[in-house]
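Residue strings, one per chain:
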Amino acid sequence: MSDLRVRFAPSPTGYLHVGGARTALFNWLLARHRGGTFILRIEDTDVERSTQESVDAILEGMKWLGLDWDEGPFFQSEYFPLYKEYVQKLVAAGKAYKCYCTAEELDTKRNLAMAEGRKPKYDGTCRDGAVQPENQPYVIRFRAPQGGATSFDDLIKGTITFPNDELDDLIIQRSDGTPTYNFCVVIDDATMQITTVIRGDDHVNNTPRQVQLYEALDFPVPQFAHVPMILGADKARLSKRHGATSVIAYRDMGYLPEALLNYLVRLGWSNGDDEIFSIEEMIDKFDISNVGRSASVFNTEKLNWLNAHYIKNSDPQRLAALLLPHLTTRGVSTLDGPDLAAVVKTLQERAQTLEEMAERALFYYRAPSGYDEAALAKFDKELLLAVFAAVIEKLSASSAADVAAVDALFKEICSENSWKMGQVGQPVRIALSGGTHAPGIGEIVVTLGGEETVRRIRAAREFVAGK
Ligand code: GLU
């Protein structure tokens, strides 16, 4: 085990967003690559906006992706006494102070500053020892260093420096006694001995305040790595407007977890020109030094391409288990139909998602309720009837046990009647599936079984004869 300790710290105010999942993935990969520890911390200090439902959704997303954590989940809401203790430590050391300024006073001062073209900033009334009223509500502010600058060396962005005069005396405890967000993050990261903080670059602006707090509390400052945002095609930050952003929505649309992980790892990280990485390869090759500085654009086509790759190369039994819920939601029972893994085998070469595969699997379990008449109309009625009769006759006399045997049988039918394969194959495909987009005839016949095949061709023959 190395000393590396990283964490994923989502706020439970929604679902697991793909951007959050990528942050979790980068943390997890670094921990697994270096033999470190990956911690899950739920940042639920915002009691109003945090929900149990959201915690459950985040855990569900993490589990589906296989991002297992070594410690946690820890919930910040359970650590209020710890945060209070550290607030008191700062007050006792003179590094934090009670501030009695009321919301109205602060508003007036803010408005005045803005009217005079100054940056609105706490003016330090209580910092400088103004007379303090008794029995009045107060907040506790951090006595931030004045003059000079605060910098940190970001592992992705390089050195980032903020002039201290731009940083306010941060409120670390509200008037109701609850600690504030930036303060809790520091106490947690310090007490959990986090060595490397990997998070979205929307937190860059919080970092200098956090660095000042580490220093005031004599905690070692961790390393920071701020990952650029994920953007939509219009270069705005990825949001619902661009389509699905929830990890679970991707599961429900029929993506495989390894495809989504492979897609997400490449949003920001690269290893030469390689695109396809198994999870083992990601762990082997990932390091923060190969995470780029620029934002990446979410590209569904590429995700689809990766998903198709993983579907094609997955074990049919596993895919069958993953496909089943997509059929169940379509009201299909697979119990009295062909074996689902056998169905998967005929479809996995061409499906981009499990949803698409489910749509294409339907005909195996439901005889056509109608036919693509435009496609049928391309053939002479006499020819159709003759083809169906020949196929029924041949198939009834054969076991149709494997694809090669069925293909041979169809070849025989063609040569005996001087038909071309297209004249036989397409009508039979329509008879069996209702349409023309279906796997090869041999595969369908073997998967459906000879009996069901003959039953469906008879039904199609009746339909055509009645026209
Ligand atoms: N809770 C923060 C968020 O969900 C993450 C804070 C951090 O990683 O330091 O954006």
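Look above for the structure.
Predicted, not measured: the structure shown is a model, and the values here were computed from it. (Residues numbered from 1 in each chain as written. Predicted model: local features only at pLDDT ≥ 70, side-chain atom pairs only at ≥ 80, totals over all residues. Heavy atoms only, no water.)

> Where do I start with the overall build of the protein in this structure?
What the protein contains, in helices and strands, is 19 helices and twelve strands. Here the C-alpha coordinates of the protein stretch approximately 105 × 45 × 40 Å along the principal axes. Among the 467 residues that make up the protein, the fraction classed as buried is 50%. In the protein, the share of contacts with a sequence separation of at least 24, taken over all contacts with a separation of at least 6, comes to 76%. Surface summary for the protein: the accessible area is close to 22100 Å², and the carbon and sulfur share equals 50%. (Helix = DSSP H or I, 4+ residues; strand = E, 2+ residues; numbered from the N terminus. Buried < 20%, exposed > 50% of the residue type's maximum accessible area, 1.4 Å probe, protein only. Contact = heavy atoms within 4.5 Å. Areas by Shrake-Rupley, 256 points an atom, 1.4 Å probe, with all protein chains shown as cover.)

> What's the story with the packing of aromatic side chains in this structure? I'm lost.
For any two aromatic rings, the description comes down to two numbers: the centre-to-centre distance and the angle of the planes. As enumerated under the stated definition, the model contains twelve aromatic pairs in all. Their ring planes at 45 degrees and their centres at 4.9 Å tell us that Y371 and F463 sit as a pair that is tilted. Taken as a pair, Y371 in the loop between α13 (354-365) and α14 (373-376) and F463 in helix α19 (residues 450-465) lie far apart in primary sequence, 92 residues in all. Its relative accessible area of 16% is what places Y371 among the buried residues. The structure contains a cluster of three or more aromatic residues connected by ring pairs, namely F26, W269, F277 and F286. Over the face of the ring belonging to Y138 we find K98, whose NZ or CZ atom lies 4.8 Å from the ring centre. Looking at R141, its charged tip hangs above the ring of Y122, at a distance of 3.7 Å from the centre. (Phe/Tyr/Trp six-rings, centres within 6.5 Å; stacked < 30°, edge-to-face > 60°. Lys NZ or Arg CZ within 6 Å of the ring centre and 35° of its normal.)

> Quick question: what am I supposed to make of the side chain of T346 here?
Inspection of the secondary structure puts T346 in helix α12 (residues 340-347). At 2.7 Å, the side chain of T346 forms a polar contact with the backbone oxygen of V343. (Polar contact = N/O pair within 3.5 Å; in protein donor to acceptor, adjacent residues only side chain to side chain.)

> I tried to follow the site of the ligand on my own but got confused; where do I start?
By nearness alone, every residue bordering the ligand is listed as R7, A9, P10, S11, E43, Y181, V185, R199 and H203. For the ligand, an oxygen atom lies 2.7 Å from a polar atom in the side chain of R7. At 2.6 Å from a nitrogen atom of the ligand is found a side-chain nitrogen or oxygen belonging to E43. Relative to its unbound accessible area of 300 Å², the ligand is 81% covered by the protein chains. A breakdown of the residues in the shell around the ligand according to their chemical character gives four nonpolar, two polar and three charged. (Near = heavy atom within 4 Å. Nonpolar A, V, L, I, M, F, W, Y, C, P; charged D, E, K, R; others polar.)

> Help me out: how do you make sense of the sheet that holds strand β4 (residues 96-99) in this one?
Within a sheet, adjacent strands bond to each other through the backbone by hydrogen bonds, running parallel or antiparallel. Here three strands make up an open sheet; going across it, the order is β4-β5-β8 and the pairing antiparallel. In this open sheet, the two edge strands, each paired with only one partner strand, are β4 and β8 (171-173). Within this sheet the neighbouring strands show an average axis-to-axis angle of 45 degrees, counted without direction. Note that strand β5 (residues 139-142) and β8 share two bridges and pair antiparallel. Paired with I140 across the bridge in β8 is Q173. (Pairing = 2+ DSSP bridges. Axes fitted to C-alpha atoms, helices over the stretch in contact; angles between N-to-C directions.)

> I keep staring at the environment of A358 and nothing clicks. Help me out?
Tracing the sequence through the fold places A358 in helix α13. With a relative accessible area of 0%, A358 lands in the buried category. Sequence separation between A358 and T245 is 113 residues, and the spatial gap between their C-alpha atoms is 22 Å. The residues touching A358, leaving out its near neighbours within four places in the chain, are L323, H326, L327 and R330.

> Quick question: what am I supposed to make of the sheet that holds strand β2 (residues 37-42) here?
Taken together, three strands build an open sheet; the order of strands is β1-β2-β3 and the sheet is parallel. Strand pairing shows two members of the sheet lacking a second neighbour, β1 (5-8) and β3 (71-75), which therefore form its edges. Ignoring strand direction, the axes of neighbouring strands in this sheet form an average angle of 25 degrees. Examined bridge by bridge, β1 and β2 share four bridges and lie parallel to one another. Bridge pairing in β2 places R7 opposite I39. Along the sheet face, helix α1 (residues 18-34) touches β1 and β2 and points at about 160 degrees away from the line of β1. The sheet strands contacting helix α2 (residues 52-65) are β1, β2 and β3, and the helix crosses β2 at an angle near 155 degrees.

The values reported here are purely geometric and, on their own, carry no functional implication.
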